Amino acid sequence: MAYNLGVDVGGTFTDVIVFDENTHELTIDKVLSTAANPSEGVLAGIKEAVDKADTSVADLALIFHGTTVVTNMLLEESGSRVGLLTSTGHEEILHLARAWTPGPLYGWIGMEKPEPLADLVDTRGISGTIASPEGVVDEPLDESEVRAAIRELQASGVDSLSVALLNSYLNPVHEQRIREIANEEAPELPVSISSEIVPEYGEYERTLTTVINDYARPQVIEYLDGLDASLEEAGSMATMNVVRSDGGLMSSAAARGRPVELALSGPSGGVVGAATIAEQKGVPDVLTLDMGGTSTDVSLVEEGTPGTTRRTKVGYREFTSRSVDVNTVGAGGGSIARVQLSGSLQVGPESSGADPGPACYGQGGDEPTVTDANVVLGRIPPAVQLGGKMDLDHAAAREAIAGIADERGSSIEEAAQAILDIVNENMHSALRVVSVERGYDPREFGLVAFGGAGPMHANALADVMGAYPLVIPPGPGVMSAFGFLTSDVQNEFSETYLETDRDVDGEDVYGKLMTLREEATDWLDSEDVDETNHAFEYYADCRYFRQDIQMSIPVDIENLQSEEGLEEIKADFEARHDKQFGFSLDAPLEIATLRVIGKGTLQGVTIDEHDLGGTDPSAAEVGTNDVYFDGAYHETPLYNRTELQPGNEIHGPAIVIDDDSTMVVQPDHTAIIDRYANIEINRGEDR
């Protein structure tokens, strides 16, 4: 027997899902994350999940791992010491950055600007230049200067080395030679060159991204080495793939070389999984809502494809790396509520995390959180155990919310409802960013909700936005881990182009894309992906000539060779530009960058379809509970999700209980179990 396993490390929980390739059965499990050493939680979760699935670590064929190691390093500024070699006269490139100040309006007043990740004392200018735009060597590299700089940096104690020279995206010869010299002078020092990490114009972004890669690299190598060793010791012979920020996969060996591509590893999996489920249901256009213990991630999926971006942002740093287009807000089950000096109520972004956690966890936490508010209002009934095994302290939750009620002069229920209203509004604002603010009408989209806390709040958000159907997939608390099982091995290959549609034709663009495809093919071969599973996507990053706002336009590679080769790209670009910004220009189209995505399809998981049965859900009813809706308590039926059958209908108000989440069906809403065991919620009787 062979099993595949997905494991996702979150701020509060580490989620694990096991897929039996023979029976197609899914087994889910959650354990508390171990912030000090995330691999401990990963190993504990894997061992517990395989035991629950009645198998062993030795029976695992594939392991798909999403990690927050890089994210946490950037947020906490706890990465490695990086040495930087750049062109002479440009040593302050990371200090100059861009004309942007983090924080709210006027937030620059008294602001302490974040320090560059490569200190100026660890930066050296190197002679030798590449001329632009031809990319010819204008001044040769001074190799003795390079050797001296590397020796100095190594002696000073740097942990890794970044090389980012001007115009290296046009001709990487100098950077490649510096890497060769570094391997001779300091063979144990990890080295990254910008012409491989970001082979595109934009010297600041290219330098920053390369430095981030090396800032994270030593610790990622140590983390993955330790995890591999622990799994091998436990008897695993499985192939481990690490989840990229764009929702794809790469081998752990590849991840050791390009950790910058793991910055949004976890959130991407949930979006990919949600897109898979929504498309299977025949609802290809959906918004996604992933509410966990610390934060909420939202995204938009159009025609079954998650939106992606070339600008990945973690904290105040925005760098060039392809990722799923996720908007994150500090709104989670552990978000702490406080009454401000003005008397207003604030929820988040601070979180109680896993330790001590919300007051209801009974682990010493005493600050009021969103989870405590849900407990007080009966939306998490007394019978519910967190993760199916942790009893909740309802008295502690009520005591925590009572503090807010006293400060506001309200009842405990009114205080708890106010907390939910505010956190829902925070998530509503995040959903508007990825929909309304980009020219999309949310009423034309469904909503897929997951995460440990998402199903409790999703119905309220769907109601506000008019985004129906609302879909709650099976195992919503481990959806990111499920998404890992549906991902493909993939990587991106790009080249700066900077030509207008008046100067080149489709044949020229076709030739450039075919060259990039060859690079993608070589990479897929290095990842041991069989040629029959190779697939490719083609994109052109377009903008109006002399403008800076770019859009990534899909390219039909065959149409490029026709007489109208570039007209389809321009028409698509102008339609998208008009939709998002409300206007188009009478100007040439400039193709700034060409990209090829190389994909290797894996058979990670299969979802079985079932016949619909009767509508009566009474066999799954496990009791009732007083739940607070619309200013009053209502006797509300409770249902065990594992006992619900395809075709069953539930009329709100109702609470559906599962091991990894609790789902709220609001009054005047109807939920039906579909053929794939999803719960689909619509207003009233409409389905």
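Check the entry above for the structure.
Model, not experiment: these values are computed from the prediction. (Residues numbered from 1 in each chain as written. Predicted model: local features only at pLDDT ≥ 70, side-chain atom pairs only at ≥ 80, totals over all residues. Heavy atoms only, no water.)

Here's the deal with the overall build of the protein chain
Helix and strand content of the protein chain: 16 helices and 35 strands. Computed over C-alpha atoms, the radius of gyration of the protein chain comes to 26 Å, within 12% of the 26 Å expected from 2.2 N^0.38 for 687 residues, which places it in the range of a compact globule. Counting only residues that meet the buried cut, the protein chain has 57% of its 687 residues in that class. Nonlocal contacts in the protein chain, meaning residues at least 24 apart in sequence, comprise 67% of its contacts between residues at least 6 apart. About 28,100 Å² of surface is accessible on the protein chain, with carbon and sulfur atoms providing 46% of the total. Seen as two clouds, the 44 positive and the 119 negative side-chain charges of the protein chain have centres 4 Å apart. (Helix = DSSP H or I, 4+ residues; strand = E, 2+ residues; numbered from the N terminus. Rg over C-alpha atoms; globule rule 2.2 N^0.38 Å. Buried < 20%, exposed > 50% of the residue type's maximum accessible area, 1.4 Å probe, protein only. Contact = heavy atoms within 4.5 Å. Areas by Shrake-Rupley, 256 points an atom, 1.4 Å probe, with all protein chains shown as cover. Lys, Arg positive; Asp, Glu negative; His and termini not counted. Charge placed at Lys NZ, Arg CZ, Asp CG, Glu CD.)

Concerning the sheet that holds strand S33 (residues 662-665)
Spatially, the four strands line up as an open sheet ordered S29-S30-S32-S33, and their pairing is mixed. Edge positions in the sheet fall to strand S29 (621-629) and S33, since each of these pairs with one other strand and no more. Taken pair by pair, the neighbouring strands of this sheet meet at an average axis angle of 30 degrees, ignoring direction. Sheet topology note: the S29/strand S30 (residues 632-640) ladder contains eight bridges and is antiparallel. When the sheet's bridge partners are listed, Gly623 is paired in S30 with Leu638. (Pairing = 2+ DSSP bridges. Axes fitted to C-alpha atoms, helices over the stretch in contact; angles between N-to-C directions.)

Looking at the pattern of salt bridges
Pairs can form between side chains of opposite charge whenever their charged atoms are close. Per the counting criterion, the structure on display carries 39 salt bridges. With a closest N to O distance of 3.3 Å, Glu77 and Arg317 form a salt bridge. Of this pair, Glu77 sits in the loop between helix H2 (69-76) and strand S5 (82-87) while Arg317 is found in strand S17 (residues 317-324), placing the two residues 240 residues apart along the sequence. Judged by its relative accessible area of 12%, Arg317 falls in the buried class. The salt bridge involving Glu537 is made with Lys599; its shortest N-O contact spans 2.9 Å. Of this pair, Glu537 sits in strand S26 (residues 534-544) while Lys599 sits in strand S28 (residues 589-600), and the two are 62 residues apart along the sequence. (Salt bridge = Lys/Arg side-chain N within 4 Å of Asp/Glu carboxyl O.)

A word on the sheet that holds strand S10 (residues 191-193)
Sheet architecture is open: four strands sit in the order S6-S5-S9-S10, paired in parallel fashion. Edge positions in the sheet fall to strand S6 (123-126) and S10, since each of these pairs with one other strand and no more. Direction aside, the axes of adjacent strands within the sheet are offset by 20 degrees on average. On the sheet, helix H4 (residues 143-156) packs against S5, S6 and strand S9 (160-164) and is oriented at approximately 175 degrees with respect to S6. With respect to the sheet, helix H7 (residues 203-233) is in contact with S5, S9 and S10, its orientation differing from that of S9 by roughly 165 degrees.

Concerning the side chain of Asp660
Following the sequence through the fold, Asp660 ends up in the loop between strand S32 (654-657) and S33. Notably, Asp660 is buried but unbridged: the nearest opposite-charge side chain belongs to Lys30, and the N-O separation is 5.8 Å. A distance of 2.7 Å separates the side chain of Asp660 from the backbone nitrogen of Gly477, its partner in a polar contact. Every residue in contact with Asp660, bar those within four places of it in the chain, is listed here: Ile28, Lys30, Gly452, Gly475, Pro476, Gly477 and Val478. (Polar contact = N/O pair within 3.5 Å; in protein donor to acceptor, adjacent residues only side chain to side chain.)

Details of the packing of aromatic side chains
By convention here, two paired aromatic rings are described through the distance between centres and the angle between planes. The tally for this structure, following the rule as stated, stands at four aromatic pairs. Plain terms: the ring middles of Tyr628 and Tyr633 are 5.3 Å apart, the flat faces sit at 75 degrees to each other, and that makes the pair edge-to-face. On the basis of relative accessibility, which here comes to 9%, the residue Tyr628 falls in the buried class. Take Tyr633: its relative accessible area is 37%, and that puts it in the partly exposed class. (Phe/Tyr/Trp six-rings, centres within 6.5 Å; stacked < 30°, edge-to-face > 60°.)

Side note on the nonpolar core
Formed by 108 residues in total, the largest nonpolar core has its most connected members in Leu5, Leu60, Leu513 and Leu560. Those residues within four positions of Leu60 in sequence are excluded, and the remaining contacts are Tyr3, Leu5, Ile46, Val50 and Ala238. Core analysis: the second largest hydrophobic core is formed by 70 residues, Leu289, Ala415, Tyr639 and Ile673 among them. (Core = buried A, V, L, I, M, F, W, Y, C linked by side-chain atoms within 4.5 Å.)

Section: the environment of Glu152
Relative to the helices and strands, Glu152 resides in helix H4. Taking the C-alpha atoms as reference points, Glu152 and Ala467, 315 residues apart in sequence, are found 59 Å from one another. In this structure the side chain of Glu152 is engaged in a polar contact, spanning 2.9 Å, whose partner is the side chain of Arg124.

Here we look at helix H9 (residues 265-281)
With 17 residues, H9 should reach 24 Å at 1.5 Å per residue; the first-to-last C-alpha distance of 26 Å fits that figure. Among the 17 residues of H9, 13 are classified as buried, and the element is accordingly described as predominantly covered. In the segment just after H9, Gly282 is the residue with positive phi, at about 85 degrees. (Expected span 1.5 Å × (residues − 1).)

Some words on the packing of H4 against helix H5 (residues 173-185)
The contact between H4 and H5 brings their axes to 10 Å, and the two run at 50 degrees. The angle between H4 and H5 falls in the class oblique. Both H4 and H5 take part in a crossing whose hand is right-handed. The segment H4 lies against H5, with Glu143, Val146, Arg147, Ile150, Arg151 and Gln154 engaging Arg177, Ile178, Ile181, Ala182, Glu184 and Glu185. Its residues assigned to classes, the contact of H4 with H5 comprises five nonpolar, one polar and six charged. (Parallel < 35°, antiparallel > 145°, perpendicular 65-115°, else oblique. Left-handed = near helix turned anticlockwise from the far one by under 90°. Nonpolar A, V, L, I, M, F, W, Y, C, P; charged D, E, K, R; others polar.)

Focus on the pairing of S17
Of all eight residues in S17, seven are buried; the element is thus mostly enclosed. Bridge count between strand S16 (residues 308-314) and S17: six bridges; the pairing is antiparallel. Across the sheet, residue Thr308 finds its bridge partner in S17, namely Val324. Where S16 folds back on S17, the antiparallel hairpin that results is connected by two residues, among which Gly315 adopts a positive phi of roughly 65 degrees.

Description of the packing of helix H11 (residues 394-408) against helix H12 (residues 412-434)
How two helices pack is summed up by the angle between their axes together with the distance between the axes. With their axes 8 Å apart at the nearest point, H11 and H12 run at an angle of 95 degrees to one another. With respect to each other, H11 and H12 are oriented roughly perpendicular. Touching Arg398, Ile401, Ala402, Ile404, Ala405 and Arg408 of H11 are Ile412, Glu413, Ala415, Ala416, Ala418 and Ile419, all from H12. Considered class by class, the residues forming the contact of H11 with H12 number nine nonpolar, no polar and three charged.

Examining a nonpolar patch on the surface
Together, Ile549, Phe581, Phe583 and Leu585 make up an exposed nonpolar region whose accessible area comes to about 320 Å². Relative to the assigned elements, Leu585 resides in the loop between helix H16 (567-581) and S28. (Patch = residues over 30% accessible without salt bridge, like charges linked within 9 Å, V, L, I, M, F, W, Y side chains within 5 Å.)

A few points about the side chain of Asp541
Secondary-structure assignment places Asp541 in strand S26. Asp541 sits in the buried class, given a relative accessible area of 3%. Here the side chain of Asp541 touches Ser552 through a polar contact of 3.1 Å, side chain to side chain. Side-chain polar atoms of Asp541 contact the side chain of Arg595, separated by 2.4 Å.

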